[in-house]
Amino acid sequence: MSVAPARRGVAPGPTTLLVIAKEPLPGLVKTRLTPPFTPAEAAQLAEAALSDTLRTALSLPARRRVLVLDGRPGPWLPPGIEVVAQCAGRLDERLAAAFGGCTGPALLIGMDTPQITTADLTPALSPDAWDGCDAWFGPADDGGFWALGLAAPDPDLVRGVPMSTPETGAVQRRRLVDAGLTVRDLPPLRDVDTAADAAQVAAAAPHGRFASTLARLTGAASR
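Residues numbered from 1 in each chain as written. Predicted model: local features only at pLDDT ≥ 70, side-chain atom pairs only at ≥ 80, totals over all residues. Heavy atoms only, no water.

An unreviewed UniProt entry annotates the protein as DUF2064 domain-containing protein originating from Streptomyces sp. 900116325.

Turning next to the packing of aromatic side chains. Overall, the coordinates contain one aromatic pair when judged by the stated rule. Note on Phe137 and Phe145: the rings are 5.7 Å apart at their centroids and 45 degrees apart in plane angle, and the pair reads as tilted. Phe145 carries the same exposure label as Phe137, and that label is buried. (Phe/Tyr/Trp six-rings, centres within 6.5 Å; stacked < 30°, edge-to-face > 60°. Buried < 20%, exposed > 50% of the residue type's maximum accessible area, 1.4 Å probe, protein only.)

Another aspect to go through is the sheet that holds strand β3 (residues 82-85). With mixed pairing, seven strands are arranged side by side in an open sheet as β3-β2-β1-β4-β6-β5-β7. Because the sheet does not close on itself, it has two edges, and the strands there are β3 and β7 (183-185). The mean angle between the axes of side-by-side strands here comes to 20 degrees, regardless of whether they run parallel or antiparallel. By the bridge criterion, four bridges tie strand β2 (residues 64-70) to β3 in an arrangement that is parallel. Among the inter-strand pairings, Val66 is bridged to a residue of β3, identified as Glu82. Along the sheet, helix α1 (residues 39-58) makes contact with β1 (16-22), β2 and β4 (106-109), crossing β1 at roughly 175 degrees. Of the strands in this sheet, β5 (135-139), β6 (145-150) and β7 are in contact with helix α4 (residues 168-178), which crosses β6 at around 15 degrees. (Pairing = 2+ DSSP bridges. Helix = DSSP H or I, 4+ residues; strand = E, 2+ residues; numbered from the N terminus. Axes fitted to C-alpha atoms, helices over the stretch in contact; angles between N-to-C directions. Contact = heavy atoms within 4.5 Å.)

The amide bond that connects Thr34 to the next residue, Pro35, takes the cis arrangement and shows omega of -15 degrees. Structurally, Pro35 is set in the loop between β1 and α1. With a phi angle near 50 degrees, Lys30 is a residue other than glycine that sits in the positive phi range. Take Lys30: it is sitting in the loop between β1 and α1. Classification of Lys30 as buried rests on a relative accessible area of 14%. Although it is not a glycine, Ser164 sits at a positive phi angle of roughly 60 degrees. Tracing the backbone through its elements, the reader meets Ser164 in the loop between β6 and α4. Owing to a relative accessible area of 72%, Ser164 belongs among the exposed residues under this scheme.

What follows is the structure in structure tokens.
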């Protein structure tokens, strides 16, 4: 299943939508899925997750839709998505640089939550999303975060936050509050890190490419 182009009639919005991701190459993505999956299978799941995420991004109003990519774009990249290269450095530095390249409000998401829906993101992408609001925060079930939106993108609001720990989300949200920002929350979502995560995420979005890819791979493994 390919990623659909932006729907006709999708209005532009005030916010730049950033998707930060790695090129889905075996051995470089979703390494915690191996085992039970092979590196090639983990890369297939990563590509499916990215495709579902970009499809949702194209269905939503945005000023720009930008893939902040570590690697090179491939045939999985649909029309309507700009591509910029990730900078080098730690994840907090790469997120900070992504925001630093924006003018005006920006919302950043990752490729680890292919179950996201338009309903999940609409509050932060609507025309009035920033009325009385300085930041949007989407917590992840593992203690991180799956979405971060800033009305005035300031790299220093992200730089230095410890990443990939059970406290990452709490530290990031506290950073926003301590800066005097008014923060609104998006619903919590589960990241795909392990095989158990993959099964739960696929069950939450059974009609997506991620779910169909997982079903194909697990079906092949059981034969």
